[in-house]
Amino acid sequence: MIEEQAVEPRADQVVLEFEYRHADMTDGFRTLVRKRGVAGFIYRPAFLVVFGLLGAALLALAVSQGDNPVPGGIFVLWAVLMAFAPHFMGRASLKAK
């Protein structure tokens, strides 16, 4: 079993402490998901914009023809949520720390 021990800094040592911030965690998650090959493609801003515009077009088409607008709304909602996913993951990681 590992026991935690307090370490007293000596006078000739410099102790560096790093405190994680939300921006650090968000950038880390954003980099991590983009390096995952094809799976990271869905986190690219250009892909999310195109996907959101496709959803908006489907939504407008469905509303103008009197059809069910839910599929278009799901596309738009998914694009917005995926754009903010690194922020959500970063915040959750900071709370877990």
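What comes next concerns the included structure. (Residues numbered from 1 in each chain as written. Predicted model: local features only at pLDDT ≥ 70, side-chain atom pairs only at ≥ 80, totals over all residues. Heavy atoms only, no water.)

This brings us to the overall build of the protein. Across its full length, the protein carries three helices and zero strands. Overall, the protein shows an N-to-C arrangement of helices and strands of α-α-α. Classification of the 97 residues of the protein by burial places 15% in the buried group. Across the protein, the fraction of contacts at a sequence separation of at least 24, relative to all contacts at a separation of at least 6, is 59%. Per element, the accessible surface of the protein, about 8000 Å² overall, is 64% carbon and sulfur. (Helix = DSSP H or I, 4+ residues; strand = E, 2+ residues; numbered from the N terminus. Buried < 20%, exposed > 50% of the residue type's maximum accessible area, 1.4 Å probe, protein only. Contact = heavy atoms within 4.5 Å. Areas by Shrake-Rupley, 256 points an atom, 1.4 Å probe, with all protein chains shown as cover.)

What follows deals with a nonpolar patch on the surface. Judged by side-chain polarity, Leu77, Val80, Leu81, Phe84 and Phe88 come together as a nonpolar surface patch covering roughly 490 Å² of accessible area. Turning to its location among the elements, Phe84 is positioned in helix α3 (residues 70-96). (Patch = residues over 30% accessible without salt bridge, like charges linked within 9 Å, V, L, I, M, F, W, Y side chains within 5 Å. Salt bridge = Lys/Arg side-chain N within 4 Å of Asp/Glu carboxyl O.)

This part covers the packing of aromatic side chains. Within this structure, the stated rule accounts for three aromatic pairs. Through a chain of ring-to-ring contacts, the aromatic side chains of Phe47, Phe51, Phe75 and Trp78 assemble into a single cluster. (Phe/Tyr/Trp six-rings, centres within 6.5 Å; stacked < 30°, edge-to-face > 60°.)

Bringing helix α2 (residues 45-65) into the picture now. Under the 1.5 Å per step criterion, the end-to-end length of α2 is 30 Å for 21 residues, consistent within 8% with the ideal 30 Å. Within the sequence span of α2, burial applies to Leu48, Gly52, Gly55 and Ala62. Projection of α2 onto a plane perpendicular to its axis shows the buried side chains occupying an angular sector of 90 degrees, all on one side. Exposed and facing more than 90 degrees away from the buried side of α2 are Ala46, Val50, Leu53, Ser64 and Gln65. (Expected span 1.5 Å × (residues − 1). Arc of directions from axis to C-beta.)

It is worth spelling out the pattern of salt bridges at this point. With the rule as written, the count across this model stands at two salt bridges. Across the pair Asp27 and Arg30 runs a salt bridge whose closest N-O atoms are separated by 3.5 Å. Placement of both Asp27 and Arg30 in helix α1 (residues 22-34) is noted, with a separation of three residues, approximately one turn of the helix. Judged by its relative accessible area of 44%, Asp27 falls in the partly exposed class.

Interaxial distance between α1 and α3 falls to 8 Å at its minimum, and their mutual angle equals 125 degrees. For the element pair α1 / α3, the angle class is oblique. Every pair of crossing elements has a handedness; the one defined by α1 and α3 is right-handed. Two secondary-structure elements touch here, α1 through His22, Met25, Thr26, Phe29, Arg30 and Val33 and α3 through Pro86, His87, Met89, Gly90, Arg91, Ser93 and Leu94. (Axes fitted to C-alpha atoms, helices over the stretch in contact; angles between N-to-C directions. Parallel < 35°, antiparallel > 145°, perpendicular 65-115°, else oblique. Left-handed = near helix turned anticlockwise from the far one by under 90°.)

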